[in-house]
Structure formats: structure tokens, C-alpha cells
Amino acid sequence: MKEKMFISLVLLMMALSSKAQTVTVHADKPGDVIPKEIYGQFAEHLGTCIYGGLWVGKDSDIPNQDGYRTDVLNALKELKVPVLRWPGGCFADEYHWMDGIGPKEKRPKMVNNNWGGTIEDNSFGTHEFFNLCELLGAEPYLSGNVGSGTVEELAKWVEYITSDGDSPMANLRRQNGREKSWNLKYLGVGNESWGCGGSMRPEYYADLFRRYSTYCRNYDGHHLFKIASGASDYDYNWTKVLMQNAGGNMAGLSLHYYTVPGWSGSKGSATNFTKDQYYWTIGKCREIEDVLKKHIEIMDEKDPKNRVALLLDEWGTWWDEEPGTVRGHLFQQNSMRDAIVASTSLDIFHKYTRRLKMCNIAQIVNVLQSMILTKGDKMVLTPTYYVFKQYNVHQDATYIPVDVECDMMEIKGANRKFDAKLPLVSATASKDKNGVCHISLTNVSVDKEQTVTVNLEGIKAAKATGTILCTANIDDLNTFDNPDKVKETAFKAVSVKNGQMKVKLPKNSVVTLELK
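Participant: Could you clarify how one ought to interpret the sheet that holds strand β9 (residues 186-189) in this entry?
Facilitator: Paired through backbone hydrogen bonds, the strands of a sheet run either parallel or antiparallel to each other. Pairing within the closed barrel is parallel, and its 8 strands lie in the order β2-β5-β8-β9-β10-β11-β12-β13. Neighbour-to-neighbour, the strand axes of the sheet open up by a mean angle of 30°, direction not taken into account. Where strand β2 (residues 40-42) and strand β13 (residues 356-362) come together, 3 bridges link them in parallel fashion. Following the sheet pairing, Phe42 is matched in β13 by Ala362. Contacts between helix α9 (residues 288-302) and the sheet are confined to β10 (225-232), β11 (252-259), β12 (309-317) and β13, with β11 contributing the most and set at about 160° to the helix.

Participant: What should I look at first to understand the side chain of Arg107 in this one?
Facilitator: Checked against the element boundaries, Arg107 lands in the loop between β5 (83-86) and β6 (110-112). Apart from the residues within four sequence positions on either side, Arg107 is in contact with Asp99, Gly100, Ile101, Gly102, Asp121, Asn122, Ser123, Phe124, Gly125 and Glu128.

Participant: Before we go on, may I ask you to explain the nonpolar core in this structure?
Facilitator: One broad rule of soluble globular proteins: the nonpolar side chains tend to lie buried together. Within the largest apolar cluster, 145 residues are counted, with the highest numbers of intra-cluster contacts made by Leu292, Phe349, Val454 and Met501. Ignoring anything within four residues of it in the chain, the contact list for Met501 reads Ile439, Val452, Thr453, Val454, Leu456, Ala464, Val494, Ser495, Val496, Leu513 and Leu515. Counting 7 residues, the second largest nonpolar core, distinct from the first, contains Val83, Tyr141, Ile227 and Met358.

Participant: Is there a simple way to explain the confidence of the model for the protein in this structure?
Facilitator: Predicted coordinates in regions of low pLDDT should not be interpreted in detail. Considering every residue of the protein, the mean pLDDT works out to 94; 95% of them sit at 70 or more. Across residues 1-17, where pLDDT falls below 50, the model places 0 contacts with residues more than four positions away in sequence or in other chains.

Participant: What is the right way to read the sheet that holds strand β17 (residues 402-405) from this model?
Facilitator: Judged by pairing direction, the sheet is mixed, and its 5 strands sit side by side in the order β17-β1-β22-β26-β25 without closing on themselves. Looking at which strands have only one partner, the edges of the open sheet turn out to be β17 and β25 (494-497). Geometrically, the sheet is characterised by an average inter-axis angle of 15° between neighbouring strands, direction not taken into account. Sheet topology note: the strand β1 (residues 22-26)/β17 ladder contains 4 bridges and is antiparallel. Residue Val25 lies in a different strand from β17, and its bridge partner there is Val402.

Rules used throughout
Residues numbered from 1 in each chain as written. Predicted model: local features only at pLDDT ≥ 70, side-chain atom pairs only at ≥ 80, totals over all residues. Heavy atoms only, no water. Pairing = 2+ DSSP bridges. Helix = DSSP H or I, 4+ residues; strand = E, 2+ residues; numbered from the N terminus. Axes fitted to C-alpha atoms, helices over the stretch in contact; angles between N-to-C directions. Contact = heavy atoms within 4.5 Å. Core = buried A, V, L, I, M, F, W, Y, C linked by side-chain atoms within 4.5 Å. Buried < 20%, exposed > 50% of the residue type's maximum accessible area, 1.4 Å probe, protein only. pLDDT = per-residue confidence, 0-100.

Structure, rendered in C-alpha cells:
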């Protein structure tokens, strides 16, 4: 009897110490539109991202459409990829675009010094990239070579791509088979100019940006959105100097932030990790919110009219390369942990789109936190792919503010700069152009199901339908032998009544609901 009373008392104490899991959706107080470009992708000449991932060539035995892998192309169309950044990354500042045009047999080879010393044959160049963007319906985002290139080289590339006049570069493009100019909106003037893009000081780069951007002209109705190479993580001085010295010349300023334990030594396994390491990872990815706030604060001070956009054009997880893969190719597996990083990060991005206008996850195929993995003629969709598929309903929708009250997890681990308390529920919401509301919920807990009460302020709904991404274990992943272990399925554990929605979230789950 005493033992039963003791157990009851322990359970009561546990219940009292646990918060109610509540999400309040304020549809009566709409925010900014979530630009579709928040769901941007990034493709660099790195490992098998391009060759074997996106491109196999017209003569390949792997089914393809004009050289582009058919399976990958169709999978990416499902994601509604809004913008694709290319050719780097660090590769961009060693890339000389004229090596990648004209007959393929005449294109010179080069050594990819940044990524494993691989021989680059330049068979995928300007025409192949812009044609891919047209097939995907994606906006091209070009990273120009400032580190090892010249002003003339970048200026001529812009002319080659966008001029419809009787100009030397436009005529060269026509000679190479493309009569009409391509659409080019986003032009990055250099990449990581503080590091692999030239090891520059911000004052020096600011002057270079002004110079290079001056000669990248608008041709025949095209208007370039010129983007300055911005800071890494916590380098707030870089943002301050760039805004001060070149803010009036730029349309956008980039930022890079990776969920990575550190840059020296092992970054940790993508597949073999402890529960504490998992929670540390989610805490690290959530730190992007504080980083965004601080960079935006600096930009607001220098640009109170909100003219210059912030672009997080590299983000995602970075783990050790998979054992047995080529060193320097950054091939890593992708587990449910990565999916939780993706959903939690996107929830944060939605909140800051007054200034944050684009995000590009690194990278699209076979590199870092990719959407897709390929091996020969096989293809695997990653857990991160399914999060992006679930979340594409938020593209170009109006953000609905949410308040979350939930249990917190104490984060353990070294080198922590962020808050030690991790919320175990993450959420976001939006209303699309047709007035339909969508709510995405993530259960960060690896231990327990969460029953979440969602207060629907300003929303009249009778029912909700949706999908779920969920696994028994947080390290579950898809392999070439078992490609469907983690995949999106229909979700039914939801009810709507009297302006409230009850949702039962299994552990390790991401749910997106449509209210009707």
C-alpha cells in the first residue's frame, strides 16, 4: 500500500513539474510574407553534388533528360525549389566561367583545390546550370569569382548571360547555342571573402564589392540583385563595416551559419551519436535566432528603411564524412536528427522575413545536409527532403505569429554558447493566398509523445488533415538498401473543437497540418 502511494506521489510530482504543451496561433495578427526563397537550395562543384548527383551527361546509362538525372530532377520538382545557388561556395572564387562554355571536348580541365583535389572537367557550366534552373522553375543565384577573378571577367559573364544586344558576349552565347538571354536576378559578388574567397579584411572587401558591382551592369530589361559576401556566424564587425562602407551599393548581404560542433578535429558522426549530443545539436541550430537578431540589429541601425536584404545563403548540419567515402567530398548521411534541425531552423527563419529574404541549405545532393543521396543509378530521399516537402506550403504565405509553452530540456555538452534550456516543441504557421492556414509542429523529444493544445485565435476551422515524418529512433535514416525507412505518411491524431486543436505528437516527429 505504501509502495503504491509512493509511486502515485512520484507520478503526481512529475505531472506538476511538466508544463502544458500549448501553442497559440495568432491569425488575427498576421506578420510578413514568407518569401519562397527561404526554401532555397545550394549546389557547389563539390564531391558528387553536380557530377553523379544532378548531372550524368546525355550518354549515361542512368536515365536522364538532356544529361540531368531524371529521378533527381523529378524529386526536386516535388520540392518546388525556388532558387538555386551555384557554382559555390569556395569553388566559386576559383571558377573561371569561360572554361565551362563551348564544345565539351574543348573545355579545359582544372584541379578542384578546395575539395579533395578532384579533377574538374567543366562539362557542367553556365548553359547546363541555367537550363537546369529553367527545368526546375528555380531562380538562378550566381556566385561570382572575386577571389581569383577580375572585374572584367565577372562583367563579361553578366553580359554573356543577360545581354540580348549585338554585343561580343551575347554573340558568343548565341554561337554556343543559346539565342535568348537567361533570366538572372541574384548575383553574389564573391563568397566567404573573409576566408576561402580571399582572406580579406572587411574594409578591403567593401571597396572591392563597390568596384566589382559597378561593372556588373543591367542589360536589356534585366535588373541584378547584387549581394555582398557577408559574415560567418558571430562576426558582427564584418556586417557593421560592410553596411557602413558599402551598404548603399548592395541589395543584399549574405550570412553563413552551420550547425557544427567546431571547425578543428572531429565534427562528430552523422549516424552514431548520444542523446546528449542530439539535444546539443538542436540547441546549436536554435542559436541561429540570436545570431540573426544581432546581425539584423546592426543592419537596422545602418539601414532603417530596410532596403538591404539579409540572405542566409549557407546553413545546415556539418558532420564528419561517411567512412569509406572520398576525403574532401563532404558526403554525409542524413538522419531524423537532421530533419529536426531543418524544421526547427525553418520555424525560426519564418519569424525574421522582414529582413531575411533568402536561405540556401547546404547542399542539394550528396553534400552535407542534402535533400537527396545518389550512388550509381540508385537514389535516396533524405529525412531533410521530407521536411522541405512538408513545409513548401509555407512558401509565399503570410506568417502567423505563434506562442509556444512547453517542457524544456537541460542541454549538456562542451563549447556551448547558447541557452542551456531547449524547448521540446517547435511550431510555425502561415496563411496562403487562398486563405488556407497551415501549422507545422515538431516534437523535439526523443523520449516521449507530446499532446499539444493549439489555440486557434482568428481561425475558424472544423477539422485538420496533414502529414507526419516520424521514426522510432532519432538516428534512423534512409539507405540505398532501405530507402523508405523514414518517409512522410498521413497524420490522423488530431481533432478540432471550439477553437482548439488537440494534436498527439509522437517522439521524433514533424507534422504539418492544413486547417479546413
